[in-house]
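Here is how the chains run, residue by residue.
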Protein chains: 2
Amino acid sequence: MFNKETEYTLRGLVYIQLQNIKNRRPGTAEIAREIDAPPFYTAKILQRLVRQGFLASIKGKGGGFYFDGDKPDLPLITLIQATEGDRSFSGCGFGLKNCDANNPCPLHDKYAPIRDSMNKLGSGETIQSLAKKVYKQELKKLKNAK
Amino acid sequence: MFNKETEYTLRGLVYIQLQNIKNRRPGTAEIAREIDAPPFYTAKILQRLVRQGFLASIKGKGGGFYFDGDKPDLPLITLIQATEGDRSFSGCGFGLKNCDANNPCPLHDKYAPIRDSMNKLGSGETIQSLAKKVYKQELKKLKNAK
DNA sequence: TTAATAAAAGACAAAAAGATCCTTTAGTGT
DNA sequence: ACACTAAAGGATCTTTTTGTCTTTTATTAA
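Residues numbered from 1 in each chain as written. Chains lettered and ligands numbered in written order. Predicted model: local features only at pLDDT ≥ 70, side-chain atom pairs only at ≥ 80, totals over all residues. Heavy atoms only, no water.

Caption draft 1: Spatial organisation of the relation of the copies chain A and chain B. Once chain A is rotated about the relating axis by 180 degrees and shifted along it by 0.0 Å, it coincides with chain B to within an RMSD of 0.0 Å. Interpreted geometrically, this transformation is the action of a two-fold axis. Across chain A, the rotation axis passes nearest the C-alpha of Ile114(A), at a separation of 3.2 Å. A symmetric contact is evident, with 100% of the interface residues of chain A recurring at the interface of chain B. (Least-squares fit on C-alpha atoms with pLDDT ≥ 70 in both. Contact = heavy atoms within 4.5 Å.)

Caption draft 2: Examining the protein's contact with DNA strand C more closely. As a matter of local geometry, DNA strand C sits amid 23 residues, with Gly27(A), Ser57(A), Pro38(B), Phe40(B) and Lys44(B) nearest to it. In DNA strand C, the atoms that sit within 4 Å of the protein are 70% sugar and phosphate, with bases accounting for the remainder. Ser57(A) is positioned such that a nitrogen or oxygen atom in its side chain is 2.8 Å from a phosphate oxygen of DNA strand C. Lys59(B) is positioned with one of its side-chain polar atoms (N or O) 3.1 Å from a sugar or linking oxygen of DNA strand C. Contributions of two or more residues to the surface near DNA strand C are made by helix 3 (39-51), strand 1 (56-58) and strand 2 (64-66) of chain A together with helix 1 (4-21) and helix 3 (39-51) of chain B. Looking at side-chain class alone, the surface near DNA strand C contains seven nonpolar, eight polar and eight charged residues. (Near = heavy atom within 4 Å. Polar contact = N/O pair within 3.5 Å; in protein donor to acceptor, adjacent residues only side chain to side chain. Helix = DSSP H or I, 4+ residues; strand = E, 2+ residues; numbered from the N terminus. Nonpolar A, V, L, I, M, F, W, Y, C, P; charged D, E, K, R; others polar.)

Caption draft 3: How the structure looks around helix 5 (residues 108-124) of chain A. The end-to-end C-alpha distance of helix 5 of chain A, which contains 17 residues, comes to 24 Å, matching closely the 24 Å that a straight helix rising 1.5 Å per residue would cover. Residues of helix 5 of chain A that are buried: His108(A), Tyr111(A), Ala112(A), Ile114(A), Arg115(A), Met118(A), Leu121(A) and Gly122(A). (Expected span 1.5 Å × (residues − 1). Buried < 20%, exposed > 50% of the residue type's maximum accessible area, 1.4 Å probe, protein only.)

Caption draft 4: Region of interest: the side chain of Glu125(B). With respect to the secondary-structure elements, Glu125(B) resides in the loop between helix 5 (108-124) and helix 6 (127-145). Overall, the relative accessible area of 6% leaves Glu125(B) in the buried class. Side chain to side chain, Glu125(B) and Lys110(A) meet in a polar contact 2.5 Å long.

Caption draft 5: The interface of chain A and chain B, seen in detail. Listed by partner, the interface residues are 27 residues for chain A and 27 residues for chain B. Summing both sides of the interface, chain A and chain B together bury roughly 2,600 Å²; the carbon and sulfur share of this comes to 65%. Of all residues in chain A, the largest losses of buried area upon contact with chain B belong to Met1(A), Phe94(A) and Pro106(A), amounting jointly to 23% of the total for that side. For the interface between chain A and chain B, the tally reads two salt bridges. Notably, a salt bridge pairs Glu125(A) with Lys110(B), separated by 2.5 Å at the nearest N-O pair. Put simply, chain A and chain B have eight residue pairs in polar contact (both at pLDDT 80 or more) between them. Taken together, the residues of the side of chain A that touches chain B break down into 17 nonpolar, four polar and six charged. (Buried area = accessible area lost by both parts, 1.4 Å probe. Salt bridge = Lys/Arg side-chain N within 4 Å of Asp/Glu carboxyl O.)

Caption draft 6: How the structure looks around the packing of helix 1 of chain B against helix 6 of chain B. Residue and element names in this part refer to chain B. Contact geometry for helix 1 and helix 6: axes closest at 8 Å, N-to-C directions at 60 degrees. Relative to helix 6, helix 1 is oriented so that their crossing is right-handed. Two secondary-structure elements touch here, helix 1 through Leu10, Leu13, Val14, Gln17, Leu18 and Ile21 and helix 6 through Ile127, Gln128, Leu130, Ala131, Val134, Tyr135 and Glu138. Of the residues contributing to the contact of helix 1 with helix 6, the split by class is ten nonpolar, two polar and one charged. (Axes fitted to C-alpha atoms, helices over the stretch in contact; angles between N-to-C directions. Left-handed = near helix turned anticlockwise from the far one by under 90°.)

Caption draft 7: Structural detail: unusual backbone geometry. Residue and element names in this part refer to chain A. Unlike most non-glycine residues, aspartate 36 shows phi in positive territory, near 55 degrees. Checked against the element boundaries, aspartate 36 lands in the loop between helix 2 (28-35) and helix 3. In this structure aspartate 36 comes out as exposed when scored by relative accessible area, which is 59%.

Caption draft 8: Here's a closer look at the pattern of salt bridges. Tallied over the entire structure, the rule returns 16 salt bridges over all chains. Its salt-bridge partner being Arg87(A), residue Glu84(A) comes within 3.7 Å of it at the nearest N-O pair. When the shortest N-O distance is used, the salt bridge between Lys22(B) and Glu138(B) registers 2.9 Å. Taken together, the residues Lys22(B) in the loop between helix 1 and helix 2 (28-35) and Glu138(B) in helix 6 connect sequence positions 116 residues apart. Residue class for Lys22(B) comes out partly exposed when judged on its relative accessible area of 34%. Judged by relative accessible area, which is 30%, Glu138(B) ranks as partly exposed. Members of the salt-bridge network, linked through shared partners, are Lys110(A), Glu125(B) and Lys133(B).

Here it is in structure tokens:
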């Protein structure tokens, strides 16, 4: 589906936001471990995300990564387009440059609706909405364990 | 969406089948030119498809590529899985190994239906069905040009 | 103010994808 | 039989993706 970098990005940011909810600021080592990603590569990706302004960080003891609560929620489509371009959200299954309703490739009619669904998914969901889902799932599990 | 090799494969095979309908057997140079793909790379891909039994070829003068009419139509999903694996048809948006309805990643609920649509598309359409679409489109264009 | 901590930066390396080229083999037509 | 044609095979190269490692910089706590 997505490439590795995008997968690590999604998993990493959702993990960070989940910890933020719990008033924690995880660091690279913890994040990489928890999301099952290569540590140095994870660090590099997070670095880039901070540079791009998607994420904030603090250096030194007690440091780590967090989301600026004043910023609006981060839609997946924004994030993914910044990471791997928009190959998942636009473009033609056949790889044609000018494929549209007027000049459709033979896959267009069937594929266009799927692409539209992807776009809806990418615009509708945010890192924060996903983290909230995970958080609620965790609460439910705790409850059931009692 | 798909990777380059898959795109060239789809475009190439549909072109071959379209020419077959017209009782022609195109060669590598013609195919590459018509589908706008790198000639040597196209040759290599077609070679592999022949080895895998998806396609037939004839060497020497008057040679080229064609589909064995006795074989059943070739579903896109079969072809694509043989080319790039099934990253487009299965697997989780988050990259988790055991993501399913019981143990869902936070994208699962929204992404699973999209993946299902992709599967339906891949099983429903074949190289032959796509070529037929293009053929009909061509006929319509000719008619309108009159 | 010093030692410890953790992110930032950037060089480097390995693997995979994408692409090219040359030689060989098989078949065709004269 | 011979020259020609076109696919098959395989070696090589480039670019992109993925991943590692070392050094530097900023911050904090003792």
